[in-house]
Amino acid sequence: MKQYEYLAKQILASYGIPIPPGRVVDTPEDAEAAVREIGPAALKAQVLVGGRGKAGGIRFAQNAEEAKTLTKAMMGMDLKGYTVERLYAEGKLEIEQEIYISVTTDGNTKAPLIMASRAGGVEIEEVDDREIVRRHIDPRVGVEPYFGRELAAALGLEGTLFKEFSDLVVKLYRIYRDKDAELVEINPLAVVKGHLVAADARLNIDDSAMYRHPEIQRVDEGSVLEKKVQEIGLAYVELDGDIAVMANGAGMAMATLDAIQFFGGRPANFLDAGGGASVEPTAQALGVLVSMDPKVIFVNIFGGITRCDDVARAILQVKEGVGIPVPLVVRLVGTNEAEGVRLLAERGIAAYSEMAEAAEQAVKLAGEGR
Amino acid sequence: MAILLTRESRVIVQGMTGNQGRFHTGQMQAYGTNVVGGTSPGKGGQRIDGIPVFDTVSAAVKATGADASIVFVPAPFAKDAAFEAMENGIKLLVMIPEHIPVQDAMAIVTRARDLGVVVIGPNTFGIISPGEKTKMGIMPNHIYQSGPIGVVARSGTLSYEIAFSLTNAGLGQTTVVGMGGDPVVGQNFVSVLEEFKHDAATKAIVMVGEIGGSAEEEAAEHIKRLGKPVVAYLAGRAAPPGKRMGHAGAIIERGRGTLESKEKALTAAGATVVTMPWQVAEAVKKLV
């Protein structure tokens, strides 16, 4: 779960990492008051997308009047598909140098990875590999102060910055551990008047660990439909095509999108109905697909834990409830296949057993294809 | 012949009295797995379908000589269950639950390395060795058949799809391994390929991968020295870009992780790369 910048910074500050003075604002009057108090400020849109500065999501206000005008313009603006609902007014910094630092989990080595560079800032992804220092952390050992000193030395920092940076590394790793972070990143870690300050921050919490972090704010992401399906407990992503798709298992759902594209069609969504979803959630998910008003609905099930007869019952429940006003293509194999196929056949739905054939038919019914 | 899981493996089920644990214990027994016991704290002394239940792994191991365990406990208790198994001498550990915190998975996998324990998962369908008529997992029993093909996959259902298509084409399997869908899992393509390399019965290997991470790229390096033919299918051609983890993800991957990068690396290493799941069996047939 991603955290807004201002929430991430609150957590950094609670661990003693210096952040600039700032305040969350959601009206022009708020912004006016904030700038009167903290002086010239950056007004930063609080949205969960990267590259927001380049997209116009960060503006500078020299005075309170300007803050008011800018806030009026920024509130409600669309930033890469996200609506700006609040800003973070933060004291403008005279930045002398930009450093990059992050702690994340490296799935390949199965260990925490800390990365740092003196070439921080918005172009960090383009920076030459040789300018990035990478150190894996043994989770049994963790980060003791010497580790921070070694990292500071590897970056060539000296004096005050050496000390402040070493200290910050220890704190950042503590946040990563204590908060079950997938990522904690400061970019830029700014040098202002010879001292370090976290000018921007990202904190992503492991969704699976949220149950043990009641102190962390739940942040809603995604479109209305996406939230609706996620509430049912299923994984869903909107795409821009017109063939609505439901499959079981993330890999299978991906393969289904691939198959549609292979035959020249365009998938409208990614929907993983789960490894063992029962009748009710499956029916709800299908209901969501119907509400998307697609050209065709394609259900692709390989029953393992998922039982084909449950899927068939869910389909019939929706068909006889809200109705399915568009062509439906069902591919059904695996556990309790015979029963599922029979239930559907009784109501005039012929199920496919081959994925390729079914995908091709779905594309054909959508009036697309090669 | 098979890898990692054989007829000799003596299996206990941690969390055997829960719904999932009970159901899949039955399924495993029906397939032929040598399930010698189960654990469920507070329910020691009971029997389920004739299998003795113990309060602790320690007691179960002592009474049964178990050396393998499959874990069905809820995710928040999975780390505890895994450590209990490992500290009591279990050498093959299959972690079924999904939503185990990544830091817990990291702790499990790190300890496993120290103790020489093979961890399958977490968030996996498990492992099945059709030639040995034994499985530790939740996969449907009927879609597999004994034969010369090794299969290693990241995701469950998609691997069922492919295993079943192999079976239907008359291509049975030595062992099918589900590595698990989480960011940190016990196995990677390289470790499983290495096992298949040394299994005389395995004549060809099917890899089922997907976008994201760089496990496939690393496997490519290994395939060059494998000495056995590999067919790879990777899902995610049409998938939306995965969730980006700040800049860190991009810096780690540096252009790896995309489907193009993976397919290119695998092809260059000599693997046969197919673009759709139903093309796998045909490609394998040409090689064996």
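Residues numbered from 1 in each chain as written. Chains lettered and ligands numbered in written order. Predicted model: local features only at pLDDT ≥ 70, side-chain atom pairs only at ≥ 80, totals over all residues. Heavy atoms only, no water.

1. A word on the overall build of chain B
1) Next: Within chain B one finds 10 helices and 14 strands.
2) Next: On C-alpha atoms alone, chain B measures out to a radius of gyration of 19 Å, which is about the 19 Å that the 2.2 N^0.38 rule sets for 288 residues.
3) Next: Principal-axis analysis of the C-alpha atoms gives chain B an extent of 55 × 45 × 30 Å.
4) Next: In chain B, which comprises 288 residues, the share counted as buried stands at 59%. (Helix = DSSP H or I, 4+ residues; strand = E, 2+ residues; numbered from the N terminus. Rg over C-alpha atoms; globule rule 2.2 N^0.38 Å. Buried < 20%, exposed > 50% of the residue type's maximum accessible area, 1.4 Å probe, protein only.)

2. Describing the domain arrangement of chain B
Residues and elements named next belong to chain B.
1) Next: Assigned domains of chain B: these are domain 1 (11–120) and domain 2 (126–287).
2) Next: Tallying the contact residues gives 24 residues for domain 1 and 20 residues for domain 2.
3) Next: Counting the surface lost from both domain 1 and domain 2, the interface buries some 1,800 Å², and carbon and sulfur atoms represent 67% of this.
4) Next: Joining domain 1 to domain 2, the criterion identifies zero salt bridges.
5) Next: Linking domain 1 to domain 2 there are three residue pairs in polar contact (both at pLDDT 80 or more).
6) Next: Elements represented by at least two residues in the side of domain 1 that touches domain 2 include exactly α1 (19–31), β5 (68–71), β6 (92–95), α4 (102–115) and β7 (118–120).
7) Next: Ranked by residue count, the leading element in the side of domain 1 that touches domain 2 is α1, at five residues.
8) Next: Tallied by class, the residues present in the side of domain 1 that touches domain 2 amount to 18 nonpolar, six polar and no charged. (Domains from an automatic or database assignment. Contact = heavy atoms within 4.5 Å. Buried area = accessible area lost by both parts, 1.4 Å probe. Salt bridge = Lys/Arg side-chain N within 4 Å of Asp/Glu carboxyl O. Polar contact = N/O pair within 3.5 Å; in protein donor to acceptor, adjacent residues only side chain to side chain. Nonpolar A, V, L, I, M, F, W, Y, C, P; charged D, E, K, R; others polar.)

3. So, the nonpolar core
1) Next: Counting residues in each nonpolar core, the largest one holds 95 residues, and the members touching the most others are Y144(B) and L166(B).
2) Next: Residue contributions to this core peak at seven residues, all from helix α7 (residues 250–262) of chain A.
3) Next: Sequence-distant contacts of Y144(B), defined by excluding residues within four places in its chain, comprise Y31(B), F125(B), I128(B), P130(B), M139(B), Y160(B), A163(B), T167(B), Q173(B) and V176(B). (Core = buried A, V, L, I, M, F, W, Y, C linked by side-chain atoms within 4.5 Å.)

4. Some words on the sheet that holds strand β2 (residues 22–25) of chain A
Residue and element names in this part refer to chain A.
1) Next: A sheet is described by the order of its strands in space; here four strands give the open sequence β2-β7-β3-β4, paired in antiparallel fashion. Each edge of the open sheet is held by one strand with a lone partner, namely β2 and β4 (58–61). Strand after strand, the sheet turns through a mean of 25° between neighbouring axes, direction not considered.
2) Next: Sheet topology places strand β3 (residues 41–45) next to β4; four bridges connect them, and they run antiparallel. Residue pairing across strands places A42 opposite F60, the latter belonging to β4.
3) Next: On top of the sheet, helix α3 (residues 64–74) reaches β3, β4 and β7 (87–91); it is set at about 160° to β4, its chief contact. (Pairing = 2+ DSSP bridges. Axes fitted to C-alpha atoms, helices over the stretch in contact; angles between N-to-C directions.)

5. With respect to the sheet that holds strand β11 (residues 173–178) of chain B
All names here are of chain B.
1) Next: Taken in spatial order, the seven strands line up as β9-β8-β11-β10-β12-β13-β14 in an open sheet, and their pairing is mixed. With one partner strand each, in any of the chains shown, β9 (134–137) and β14 (272–274) form the two edges of the open sheet. Each neighbouring strand pair of the sheet contributes to a mean axis angle of 15°, computed without reference to strand direction.
2) Next: Where strand β8 (residues 126–129) and β9 come together, four bridges link them in antiparallel fashion. Across the sheet, residue I127 finds its bridge partner in β9, namely M136.
3) Next: The strands touched by α1 within the sheet are β8 and β9, with β9 carrying the most contacts at an inclination of about 165°.
4) Next: Running at roughly 160° to strand β12 (residues 204–210), helix α7 (residues 215–223) makes contact with β12 and β13 (230–235) of the sheet.

6. Re the pairing of β7(A)
Residue and element names in this part refer to chain A.
1) Next: With respect to burial, β7 is a largely interior element, five of its five residues being buried.
2) Next: Neither face of β7 is exposed, since L87, A89 and G91 on one face and Y88 and E90 on the opposite face are all buried.
3) Next: In the sheet, β2 pairs with β7 via four bridges, with the strands oriented antiparallel. What sits directly across from V24, in β7, is Y88.
4) Next: Bridge count for β3 against β7 is five bridges, and the pairing is antiparallel. For K44, the partnering residue across the bridge sits in β7 and is Y88.

7. Section: the environment of E85(A)
1) Next: With respect to the helices and strands, E85(A) occurs in the loop between β6 (82–83) and β7.
2) Next: Note: C-alpha distance between E85(A) and M75(A) (10 residues apart in sequence) is 5.9 Å.

8. So, the domain arrangement of chain A
1) Next: Assigned domains within chain A: domain 1 (21–91), domain 2 (97–212) and domain 3 (224–365).
2) Next: Relative to domain 3 of chain A, the C-alpha centre of domain 2 of chain A lies at a distance of 43 Å.

9. Let's talk about the pattern of salt bridges
1) Next: What the rule picks out here adds up to 36 salt bridges over all chains.
2) Next: Put simply, R313(A) and D310(A) hold a salt bridge, and the shortest N to O gap is 3.9 Å. Taken as a pair, R313(A) and D310(A) lie in helix α9 (residues 308–320) at a separation of three residues, close to a single helical turn.
3) Next: Residue classification places R313(A) among the partly exposed residues on the basis of a relative accessible area of 35%.
4) Next: The closest approach of N and O atoms between K224(B) and E221(B), which form a salt bridge, is 3.4 Å.
5) Next: By relative accessible area, E221(B) is classed as partly exposed at 44%.
6) Next: A cluster of three or more residues bridged by salt bridges with shared partners is formed by R307(A), D309(A), D310(A), R313(A), E339(A), R342(A) and E346(A).

10. With respect to the packing of aromatic side chains
1) Next: Within this structure, the stated rule accounts for nine aromatic pairs over all chains.
2) Next: Between F302(A) and F164(B), the ring centres sit 5.7 Å apart and the planes meet at 80°, which makes this aromatic pair edge-to-face. You can see F302(A) sitting in strand β17 (residues 296–303) and its partner F164(B) sitting in helix α5 (residues 156–168), one on each of two chains.
3) Next: R86(A) extends its terminal NZ or CZ atom over the ring of Y4(A), reaching a point 5.3 Å from the ring centre.
4) Next: Here K92(A) stacks its cationic end above the ring of F60(A), 5.2 Å away from the centre of that ring. (Phe/Tyr/Trp six-rings, centres within 6.5 Å; stacked < 30°, edge-to-face > 60°. Lys NZ or Arg CZ within 6 Å of the ring centre and 35° of its normal.)

11. Observations concerning the packing of helix α6 (residues 189–197) of chain B against α7(B)
All names here are of chain B.
1) Next: Two elements in contact, α6 and α7, have axes separated by 8 Å at closest approach and are oriented at 30°. By the criterion of interaxial angle, the relationship of α6 to α7 is roughly parallel. Seen from α6, the contacting residues are F189, V190, L193 and E194; seen from α7, they are A215, E216, E218, A219, H222 and I223.
2) Next: Its residues assigned to classes, the contact of α6 with α7 shows six nonpolar, one polar and three charged. (Parallel < 35°, antiparallel > 145°, perpendicular 65-115°, else oblique.)

12. Quick word on the interface of chain B and chain A
1) Next: In this complex, chain B contributes 56 residues to the contact, which on the side of chain A involves 60 residues.
2) Next: Roughly 4,700 Å² of surface becomes buried between chain B and chain A when both sides are summed, with 60% attributable to carbon and sulfur atoms.
3) Next: Seen at the junction of chain B and chain A, the total is three salt bridges.
4) Next: A salt bridge links D104(B) to R212(A); its shortest N-O distance comes to 2.9 Å.
5) Next: Between chain B and chain A we count 11 residue pairs in polar contact (both at pLDDT 80 or more) in total.
6) Next: Taken together, the elements giving at least two residues each to the side of chain B that touches chain A come down to α4, α5, α7, β13 and α8 (246–253) of chain B.
7) Next: Sort the elements by how many residues they give to the side of chain B that touches chain A and α4(B) lands first, with eight residues.
8) Next: Of the residues contributing to the side of chain B that touches chain A, the split by class is 31 nonpolar, 15 polar and 10 charged.

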